[in-house]
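One-letter residues, chain by chain:
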Amino acid sequence: MTGFVPAPPAAGCRNAPVLKERGQREVFCGLTGIIWLHRKMQDAFFLVVGSRTCAHLLQSAAGVMIFAEPRFGTAILEEKDLAGLADANAELDREVDRLLARRPDIKQLFLVGSCPSEVIKLDLHRAAERLTERHAPHVRVMNYSGSGIETTFTEGEDACLATMVPTLPATEERQLLMVGALPDVVEDQALGLLEAMGVKPVRCLPAHRAAETPGVGPNTVVALTQPFLNETAAHLERRGARILSAPFPFGEEGTTAWLWAVAQEFGVSPEVFERVTEAPRARARKAVAAAAETLRGKSIFFFPDSQLEIPLARFLTRECGMTAVEVGAPFINKQIVGPDLDLLAEGPVIAEGQDVDLQLDRCRAARPDLTVCGLGLANPLEAEGLSTKWAIELVFTPVHFYEQAGDLAGLFARPVRRRAILAGLEGAA
């Protein structure tokens, strides 16, 4: 059995001092999460109550063609709304009525708050209750905040799923609830491994359709697939569910540890676990090793952006041979990322929150081989000769579980190789 449990370092980072910073932040807003959520939830629609800037952000981030009809849109707040010269609630009701009349396929409608709607204190929670009464039972209307005032971009998904939890039906069924929006191909791989081990029933949140919405109750065991689902986890615990403690399924080691935690919970024997995971584990190790040739011995610096930073640092240091200089995260919930902190060897600065100027000073002083940061910092750092990886790409790209382990390592190897090629060309010139 011990072969499935990662050997921790002599001293991990769970109890290491955390540098807590509160200052200027450099992050995307939570509206960005709509881009992957609207693809996952086939009969949901995300209506952002915001400005034209919000609409431009979503169109740019999604790359939606002009003739496409996506499952998101923006109810534009004009100058008269912002100045209090119009009844924003009446206008919102009218927009929702028009939308639902035109799109009868919508079963779940999310009113998504933005910076403008929060500044004018538009009560979207009350609007969602009013509109649910108006359009029930055909459509359930919910609301959450994607405002950049208080949220980072992955917290948009957390807020969305958290607002769904109180509406989930109650159940006494003993079940595994896999929580977090994954690309369909990745979700199918995870479900296939769990089915082969005999773990059942397995439900997913979010579900593809409203009719598939899972129940939750005291016999629900939750396996989180994303480390940023803090509020969702708390809401599920309030409903009686229990959160499994495990590293996140990034890389061969993390995936094996995550699956083994589920297997132990559902009585899967070591022999069955070995038979199911042996081949994909071998493929993952081989794929990661190819990229690790480029990454081994290189240093990496994480700016706080997605809350994936701690599990990724664990993966890169343990499986790819990198050295972490600083691992920054917007928020550190040790109940959720504690198992990854246990496996991350003591040494890097662990930072929570951000004062971007101070962190830039530390990054420039360290001159890491690779810096993981947001789009707003990447180009300036590249101009200073530092290789960067866009943090947002790690959320948009399939990176979980065995079959994506090599792709995950490759995302970090490519900018390191690019910098080496450019340096060679400059030397030849």
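Residues numbered from 1 in each chain as written. Predicted model: local features only at pLDDT ≥ 70, side-chain atom pairs only at ≥ 80, totals over all residues. Heavy atoms only, no water.

*Asks:* Please provide a residue-by-residue account of the overall build of the protein, values included.
*Replies:* Along the backbone of the protein there are 17 helices and 14 strands. In summary, the protein has a C-alpha radius of gyration of 22 Å against a globular reference of 22 Å for 429 residues, a match within 12%. Counting only C-alpha atoms, the protein reaches 60 × 55 × 40 Å along its principal axes. Residue burial in the protein is summarised as follows: out of 429 residues, 54% are buried. Residue pairs at least 24 apart in sequence account for 75% of intrachain contacts in the protein once pairs closer than 6 positions are excluded. Working note: accessible area of the protein is about 18,000 Å², and carbon and sulfur atoms make up 53% of it. Put simply, the protein has 44 plus and 55 minus side-chain charges, and the middle of one group is 2 Å from the middle of the other. (Helix = DSSP H or I, 4+ residues; strand = E, 2+ residues; numbered from the N terminus. Rg over C-alpha atoms; globule rule 2.2 N^0.38 Å. Buried < 20%, exposed > 50% of the residue type's maximum accessible area, 1.4 Å probe, protein only. Contact = heavy atoms within 4.5 Å. Areas by Shrake-Rupley, 256 points an atom, 1.4 Å probe, with all protein chains shown as cover. Lys, Arg positive; Asp, Glu negative; His and termini not counted. Charge placed at Lys NZ, Arg CZ, Asp CG, Glu CD.)

*Asks:* Can you break down the UniProt feature "binding site: [4Fe-4S] cluster" (unreviewed entry) in the protein residue by residue, with the values?
*Replies:* On the UniProt side, "binding site: [4Fe-4S] cluster" (unreviewed entry) is annotated at positions that read Cys 29, Cys 54 and Cys 115 here. In terms of the greatest pairwise C-alpha distance, the residues named above, spread along 87 residues, form a tight cluster of at most 9.7 Å across. Assignment of secondary structure puts Cys 54 in helix 2 (residues 52–62). Each residue touching Cys 54, except ones within four places of it in the same chain, is listed here: Leu 31, Val 48, Thr 74, Ser 114 and Pro 116. With respect to the helices, strands and loops of the structure, Cys 115 is situated in helix 5 (residues 115–119). For Cys 115, a relative accessible area of 29% gives the class partly exposed. Beyond its immediate stretch of four places on either side in the chain, Cys 115 contacts Ser 147, Gly 148 and Ile 149. (UniProt positions renumbered as here; feature names shortened; annotations may be inferred.)

*Asks:* Any chance you could break down the side chain of Asn 230 for me, citing the residues and the numbers?
*Replies:* By the secondary structure assignment, Asn 230 is in helix 9 (residues 230–238). Given the relative accessible area of 12%, Asn 230 is considered buried. At 3.1 Å, the side chain of Asn 230 forms a polar contact with the side chain of Asn 333. Residues contacting Asn 230, with those up to four places away along its chain left out, are Asp 158, Gln 307, Phe 331, Asn 333 and Ile 336. (Polar contact = N/O pair within 3.5 Å; in protein donor to acceptor, adjacent residues only side chain to side chain.)

*Asks:* Could you give me a rundown of the pairing of strand 2 (residues 44–50), with the residues and numbers involved?
*Replies:* Counted residue by residue, strand 2 has 7 buried out of 7 residues, so it is predominantly covered. Judged by which residues are buried, strand 2 turns out to be covered on both faces: Ala 44, Phe 46, Val 48 and Gly 50 on one side and Phe 45, Leu 47 and Val 49 on the other are all buried. In the sheet, strand 2 pairs with strand 4 (residues 108–113) via 6 bridges, with the strands oriented parallel. Each bridged residue has a counterpart across the sheet, and for Val 49 the counterpart in strand 4 is Gly 113. Note that strand 2 and strand 3 (residues 72–76) share 5 bridges and pair parallel. Bridge pairing links Gly 50 to Ile 76 in strand 3. (Pairing = 2+ DSSP bridges.)

*Asks:* Report on the packing of aromatic side chains, specifying residues and quantitative values.
*Replies:* If you walk through the whole model with that rule in mind, you get 9 aromatic pairs. On the numbers, 4.8 Å between centres and 50° between planes, the contact of Phe 4 with Trp 260 is tilted. Note that Phe 4 is positioned in the segment before strand 1 (18–22) and Trp 260 in helix 10 (residues 251–265), a separation of 256 residues in sequence. On the basis of an interplanar angle of 70° and a centroid distance of 6.1 Å, the ring pair of Phe 110 and Tyr 144 is categorised as edge-to-face. Of this pair, Phe 110 sits in strand 4 while Tyr 144 sits in strand 5 (residues 140–145), and the two are 34 residues apart along the sequence. Taken together, the ring pairs connect Phe 4, Trp 260 and Phe 273 into an aromatic cluster. It is Arg 174 that lies over the ring of Phe 266; its NZ or CZ is 4.5 Å from the centre. (Phe/Tyr/Trp six-rings, centres within 6.5 Å; stacked < 30°, edge-to-face > 60°. Lys NZ or Arg CZ within 6 Å of the ring centre and 35° of its normal.)

*Asks:* Which residues make up helix 15 (residues 375–383), and what are the values?
*Replies:* All buried positions along helix 15 are accounted for by Leu 377, Ala 378 and Leu 381. The buried residues of helix 15 occupy one face: seen down the axis, they fall within an arc of 110°. In helix 15, the exposed residues that point more than 90 degrees away from the buried face are Asn 379 and Ala 383. Among the residues trailing helix 15, Gly 385 stands out with phi positive, at a value near 90°. (Arc of directions from axis to C-beta.)

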